[in-house]
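Take a look at the letters that make up each chain.
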Amino acid sequence: MRQPDFSAMLRWPNVPACYGWLSLDRRGRWRLRGEAVTHAGLNDFLSRQYAHDEDGNYFVQNGPQRVFVELEYTPWILRLTAADRIATHVGQVVSEFRSAAIDEEGNLLIEIKDGIALLCDRDLPALRNCLRLPNGKAADDGSVLEAIEQPVTGATKLTLAWQGWRVPLHSVRRSEVPGRYGFIAAPQSTMAQGAL
């Protein structure tokens, strides 16, 4: 992951953080107060300055200010950028799959070097054929549905095979994803937490 520019913090170290303004939707679109960011330059800036702290809070470094990001699902969104290439929503090409999971809604999650990522739903059909049975054949609808409906988190009989990678597919409950993969979906200021 590229490192954002933190140099402004040296000159203005005590600028308060911003919460509740910026979010990342499940298709990898930045949203400012709920509205999709459509300006190419602003999208590039947000993607370039995206980072996280040691507690799993994701933010955009805006000069000396951290603008914390509310995540609709995961901190990373994956998209097919070519028939044989997957990249994150910030444009980083994925060089390895570490693990894969499917939730009870049929969402495909892939753990990459930078953390857990959701495959954009528009690209699900293309990777559907990459789910494999133990014998290496493409998974049929019944075996995929069985993995989706598996009542407890754990290994399934399927694997995800893509561009030479082959990783086991686990089932997971969507509500367990933030805790399991160590991120905060809705960062809050410590002042707001103290008021609860």
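Throughout, residues of each chain are indexed from 1 in the direction in which the sequence is written. In keeping with the model being predicted, local features are shown solely for residues with a pLDDT of at least 70 and side-chain atom pairs are shown and tallied solely at 80 or more, while totals for entire chains, interfaces and linings include all residues. Here the side-chain values reflect all heavy atoms present in the structure, with hydrogen atoms and water set aside.

Caption draft 1: Up close: the sheet that holds strand S10 (residues 108-112). Paired strands are those between which DSSP finds at least two bridges. Numbering of helices and strands starts at the N terminus; helices are DSSP runs of H or I of at least 4 residues and strands are runs of E of at least 2. With respect to topology, 8 strands assemble into an open sheet ordered S8-S7-S11-S10-S9-S14-S13-S12, the strand pairing being mixed. Strand pairing shows two members of the sheet lacking a second neighbour, strand S8 (85-88) and strand S12 (131-132), which therefore form its edges. Bridging between strand S9 (residues 99-103) and strand S14 (residues 165-172) involves 4 bridges; their strand directions are parallel. The residue of S14 that forms the bridge with alanine 100 is leucine 169. The contact criterion used is simple: two residues touch if any of their non-hydrogen atoms lie within 4.5 Å. In this description, a line fitted to the C-alpha atoms serves as the axis of each element, helices being fitted only across the stretch in contact, and the angle between N-to-C directions of two axes falls anywhere from 0 to 180 degrees. Contacting S9, S12, strand S13 (154-162) and S14, helix H4 (residues 141-149) crosses the sheet at an angle of about 130 degrees to S13.

Caption draft 2: Spotlight on a nonpolar patch on the surface. Taken together, Trp21, Leu32 and Leu42 make up a surface patch of nonpolar side chains, about 260 Å² in accessible area. Along the chain, leucine 32 turns up in strand S2 (residues 30-32). Exposure is judged per residue with a 1.4 Å probe applied to protein chains only, and the accessible area is read against the type maximum: over 50% gives exposed, under 20% gives buried, and values in between give partly exposed. Overall, the relative accessible area of 38% leaves leucine 32 in the partly exposed class. Residues with no salt bridge and a relative accessible area higher than 30% make up the patches, which join like charges within 9 Å and nonpolar side chains (Val, Leu, Ile, Met, Phe, Trp, Tyr) within 5 Å. All accessibility values rest on the Shrake-Rupley procedure with a 1.4 Å probe; residue burial counts only the protein chains present in the view. The rule for a salt bridge is simple: a side-chain nitrogen of Lys or Arg has to be within 4 Å of a carboxyl oxygen of Asp or Glu.

Caption draft 3: Examining H4 more closely. The set of residues buried in H4 consists of Ser143, Val144, Ala147 and Ile148. An end-on view of H4 places all buried positions within 145 degrees of arc, on one side of the element. Among the exposed residues of H4, those pointing more than 90 degrees away from its buried face are Asp141 and Glu149. Whenever a nitrogen or oxygen atom comes within 3.5 Å of another N or O atom, the pair is scored as a polar contact, on the condition that within protein one atom can donate a hydrogen and the other can accept it, and that pairs from neighbouring residues in sequence are kept only if both atoms are in side chains. With a side-chain oxygen lying 3.0 Å from the backbone nitrogen of glycine 142, the N-terminal cap of H4 falls on aspartate 140. It is the directions from the helix axis to the C-beta atoms that the arc portrays.

Caption draft 4: Focus on the environment of threonine 159. Within the secondary structure, threonine 159 is located in strand S13. Here the alpha-carbon distance between threonine 159 and proline 134, two residues 25 residues apart in the chain, equals 7.5 Å. A polar contact is formed between the side chain of threonine 159 and the side chain of arginine 166, at a distance of 3.4 Å.

Caption draft 5: The arrangement of the pattern of salt bridges in detail. In the structure shown here, the tally under the stated rule is 8 salt bridges. A salt bridge links aspartate 25 to arginine 31; the shortest N-O distance between them is 3.1 Å. Overall, the relative accessible area of 22% leaves arginine 31 in the partly exposed class. What emerges from the salt-bridge pattern is a single network uniting Asp25, Arg29 and Arg31.

Caption draft 6: Inspection of helix H2 (residues 40-48) at higher detail. For H2, every residue scored as buried is listed here: Asn43, Leu46 and Ser47. Taken around the axis of H2, the buried residues stretch over an arc of 95 degrees, which confines them to a single face. Check the buried side of H2 and you find it contacts strand S1 (18-24), S2, strand S4 (50-52) and strand S5 (58-62).

Caption draft 7: A look at the packing of aromatic side chains. Stacked, tilted and edge-to-face are the three classes applied to pairs of Phe, Tyr and Trp rings, where Trp contributes its six-membered ring and a pair requires centres within 6.5 Å; stacked means planes under 30 degrees apart, edge-to-face means over 60, and tilted covers the rest. One pass over the full model with this rule turns up 7 aromatic pairs. Pairing tyrosine 50 with tyrosine 58 gives two aromatic rings, centres 5.4 Å apart and planes at 35 degrees, and the pair type is tilted. Grouped by ring-pair contacts, the aromatic residues Trp30, Tyr50, Tyr58 and Trp76 constitute a single cluster. A ring is considered to have a charge above it if a Lys NZ or an Arg CZ atom is located within 6 Å of its centre and within 35 degrees of its normal. The ring of tryptophan 21 has arginine 33 sitting right over it, with the charged end atom 3.9 Å from the ring centre.

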